[in-house]
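# Structure assessment
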Amino acid sequence: MPSQYDEIGDAYTRAADQLLFRRIVERHTLLEVLGPVEGLSVLDVACGDGYYTRLFWQAGAARVVGVDVSEQMIRAARARDEGQEPGIEYRVHDAAAMPVLGSFDRITAVYLLNYAGTREQMVRMGEGMCANLAPGGRLVAVLPNDGFDPAGPSPVKYGVAVRPPEDRKDGSAMGVELLIGPSVAIDFFYWSRSAYEQALAEAGFQDVCWHPLECAPEPEPDAAFWRDYLANPHAIAMSCRRPLG
Ligand SMILES: C[S@@+](CC[C@H](N)C(=O)[O-])C[C@H]1O[C@@H](n2cnc3c(N)ncnc32)[C@H](O)[C@@H]1O
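Bear in mind that the values here come from a model prediction, so they are computed numbers and not experimental data.

With that out of the way, let us pick up the sheet that holds strand β5 (residues 133-144). Hydrogen bonds between backbone atoms are what pair the strands of a sheet, whose relative direction is either parallel or antiparallel. The strand order β3-β2-β1-β4-β5-β10-β9 describes an open sheet built from 7 strands, whose pairing is mixed. At either end of the open sheet lies a strand with only one pairing partner, and these are β3 (89-92) and β9 (206-211). Strand-to-strand twist in this sheet, taken as the mean axis angle between neighbours without regard to direction, amounts to 15°. Pairing of strand β1 (residues 41-45) with strand β2 (residues 63-68), which is carried by 5 bridges, proceeds in the parallel orientation. Residue Leu43 lies in a different strand from β2, and its bridge partner there is Val65. Where helix α4 (residues 71-81) meets the sheet, its contacts fall on β2 and β3, and the angle it forms with β3 comes to roughly 165°. Packing of helix α5 (residues 119-131) onto the sheet brings it into contact with β1, β4 (104-110) and β5, and relative to β5 it is tilted by some 140°.

In structure tokens:
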């Protein structure tokens, strides 16, 4: 299935690697919400070039699998691992039609569900992830923040420009531009928190929690620099659980 990332993959990787926001805010929050993964099995859906997948492996996860719809992104992930011999398995799959690859303790989905163009597609993505989780296992996601205020403090100084939806209607087109080097535009869809919650509940998840992004302790360059971003963040983290029974 062709994906916009087959075209923009290299530019995305270059820009995302250099975004301080990723390391200081996004990665910090994701790892805090996820908790320790040592000895656990982790499935990273929409793994891209394996930025987070590799971190889970380095943190001592027992089994790590990365899935992405873009062949180009999976090629990039494998190329980045070359010579380091990590035992990460990478697979090309559309998350909306993902087979069962295991019974994972944790699943991460950093910017996946916002690529669902319809509610049905989002439910199918959720069902695929739920089927890959062990009972009681957790899904942790990062998503565009539906509370982002286009008139509020701008994330441009942090290297991200948001193209908001024309209206705040579920399924409206929106996007971001990463403003590092030759800037790269990324298209996806606006969904409200309640749309995500309903789709995930229909897919079999419970205990959906929203986690505002936070700065790493002693951030670079300093906490004052991140104040505007944290006042109007363009992304938010979410966690939920597959029921035990
Ligand atoms: C913004 S990138 C994030 C990549 C990675 N999670 C990270 O944070 O570096 C979004 C990724 O989602 C993938 N993606 C989009 N739709 C998908 C789908 N239906 N199934 C699997 N992956 C998908 C894209 O190919 C791309 O690699």
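This part takes up the nonpolar core. If you look at the biggest cluster of nonpolar residues, it comprises 34 residues, and the most contacted ones within it are Leu43, Val45, Met129, Leu139 and Phe205. Elements represented by at least two residues in this core include exactly β1, β2, β4, α5, β5, α6 (193-203) and β10 (235-241). Excluding residues that lie within four positions of it along the chain, Leu139 makes contacts with Ile107, Thr108, Ala109, Met129, Leu133, Leu200, Phe205, Met238, Ser239 and Cys240. Membership of the second largest hydrophobic core comes to 30 residues, among which are Tyr52, Phe56, Ala61 and Trp226.

Analysis parameters
Residues numbered from 1 in each chain as written. Predicted model: local features only at pLDDT ≥ 70, side-chain atom pairs only at ≥ 80, totals over all residues. Heavy atoms only, no water. Pairing = 2+ DSSP bridges. Helix = DSSP H or I, 4+ residues; strand = E, 2+ residues; numbered from the N terminus. Axes fitted to C-alpha atoms, helices over the stretch in contact; angles between N-to-C directions. Contact = heavy atoms within 4.5 Å. Core = buried A, V, L, I, M, F, W, Y, C linked by side-chain atoms within 4.5 Å. Buried < 20%, exposed > 50% of the residue type's maximum accessible area, 1.4 Å probe, protein only.

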